[in-house]
Amino acid sequence: MPETRGKLTENRSLSDLTWLRVGGPADWLFQPADIDDLAGFLAALDRDVSVFPMGVGSNLIVRDGGLRAVVIRLGRGFNQIDIDGSRVTAGAAALDAHVARKAAQAGLDLTFLRTIPGSIGGAVRMNAGCYGTYTADRFVSARAVSRDGQIVTLQAEDLNFGYRHTDLPDGWVLVEATFEAPSGDPAALQARMDEQLAKRDATQPTKDRTAGSTFRNPSGHSSTGRADDVHDFKAWKVIDDAGMRGARRGGAQMSEMHSNFLVNTGNATAADLEGLGEEVRKRVFQNSGIELHWEIMRVGETAP
């Protein structure tokens with residue numbers, strides 16, 4: 001491995017770094033000190049070595065056999081939040097909720113981020129969104145380090161935002177993103193976020209070990225939160241229609257509270273969770289002809 005000022009750990013278990021608390025080890029875990037450390041490391045790293053950028057593990061299943069790669073996890077050197085006029089620039093490791101709160105205090109509306117689990121890097125990478133607003137709607141630009149160690153600036157057309165998708169090249173690491181935020185009254189923005197949190201806690205299993213929404217909505221868009229929102233092609237609805245709410249496999253369960261949430265009830269393996277998810281996809285297709293697509297990212301190798 002190249003010399004680094006950051007922390008480099010061999011054969012590092014990833015289970016405690018994911019919200020679902022499952023998964024085997026990575027060959028290496030690299031936590032860079034800053035952007036120059038990251039760029040120098042990637043420039044020197046053998047091109048045949050796979051690189052996997054990892055956020056806070058909120059939307060991830062690492063399979064039980066682990067990951068044959070260098071996992072890059074950004075920390076304190078990448079979590080700043082700066083505000084300049086109507087623009088908010090946040091490090092990729094900054095939590096979505098923290099960015100929403102700090103923006104609201106400055107009278108800027110990024111409230112859609114408040115209930116999205118994870119960090120800004122993941123929000124950009126997956127074009128996260130809810131209540132009718134997506135990351136792409138507020139995105140101005142991002143900085144990333146390419147697999148060969150170049151620091152590059154990305155515009156929206158470079159990422160080609162789609163529903164839960166961007167075209168970020170494999171092995172590139174997002175380090176920062178800038179958003180243009182509408183203005184709003186800080187008290188009103190805080191009240192809106194409080195309302196969103198209350199609604200989330202009343203309808204989603206926020207106290208369980210989950211990874212957020214398991215499958216993308218077949219409708220191709222997020223819930224809007226409006227009273228006239230139609231549910232016929234929401235993932236939870238087609239899962240319910242297939243009789244899979246509360247379904248179990250080993251220590252994995254589709255939540256009774258919200259059937260599009262995959263839960264580790266305490267002793268699940270990654271194989272339990274992914275296997276149950278695949279069973280749900282099979283039953284939904286048999287019942288309705290609808291093919292569900294995973295929203296949770298699944299990486300690594302199965303156990304022998």
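The following refers to the structure shown. Owing to the predicted nature of the structure, the values given are computational and were not obtained by experimental measurement.

**As for the pairing of strand β6 (residues 81–84)**
The pairing of β6 with strand β7 (residues 87–91) spans four bridges and is antiparallel. By the bridge assignment for β7, Ile-83 is matched with Val-88. Remark: two residues form the turn of the hairpin made by β6 and β7, two consecutive strands paired antiparallel; Gly-85 in that turn has positive phi of roughly 65 degrees.

**Concerning the sheet that holds strand β1 (residues 7–13)**
Taken in spatial order, the four strands line up as β1-β2-β5-β3 in an open sheet, and their pairing is mixed. Lying at the two open borders of the sheet, with one neighbouring strand each, are β1 and β3 (51–54). The mean inter-strand angle of the sheet, taken between neighbouring strand axes irrespective of direction, is 30 degrees. One ladder, built from four bridges, connects β3 with strand β5 (residues 67–73); its direction is parallel. Looking across to β5, one finds that Met-54 is bridged to Arg-73.

**Some details on helix α6 (residues 186–203)**
With 18 residues, α6 extends 26 Å between its outermost C-alpha atoms, agreeing within 8% with the 26 Å of an ideal straight helix rising 1.5 Å per residue. Looking only at α6, the buried set comprises Leu-189, Met-193, Gln-196 and Leu-197. An end-on view of α6 places all buried positions within 100 degrees of arc, on one side of the element. Of the residues in α6, the exposed ones pointing more than 90 degrees away from the buried face are Ala-187, Glu-195 and Ala-202. Contact partners of the buried residues in α6: α2 (96–105).

**What about the packing of aromatic side chains?**
Both the distance between ring centres and the angle between the ring planes are used here to describe each pair of aromatic rings. Within this structure, the stated rule accounts for three aromatic pairs. On the basis of an interplanar angle of 55 degrees and a centroid distance of 5.0 Å, the ring pair of Phe-215 and Trp-294 is categorised as tilted. With Phe-215 in the loop between α6 and α7 (235–241) and Trp-294 in the loop between α8 (270–288) and β16 (297–299), this pair connects stretches of sequence that are 79 residues apart. We classify Phe-215 as buried; its relative accessible area is 1%. Trp-294 gets classed as buried once you look at its relative accessible area, which sits at 8%.

How each quantity is defined
Residues numbered from 1 in each chain as written. Predicted model: local features only at pLDDT ≥ 70, side-chain atom pairs only at ≥ 80, totals over all residues. Heavy atoms only, no water. Pairing = 2+ DSSP bridges. Helix = DSSP H or I, 4+ residues; strand = E, 2+ residues; numbered from the N terminus. Axes fitted to C-alpha atoms, helices over the stretch in contact; angles between N-to-C directions. Expected span 1.5 Å × (residues − 1). Buried < 20%, exposed > 50% of the residue type's maximum accessible area, 1.4 Å probe, protein only. Arc of directions from axis to C-beta. Contact = heavy atoms within 4.5 Å. Phe/Tyr/Trp six-rings, centres within 6.5 Å; stacked < 30°, edge-to-face > 60°.

Purely geometric numbers; function is a separate question.
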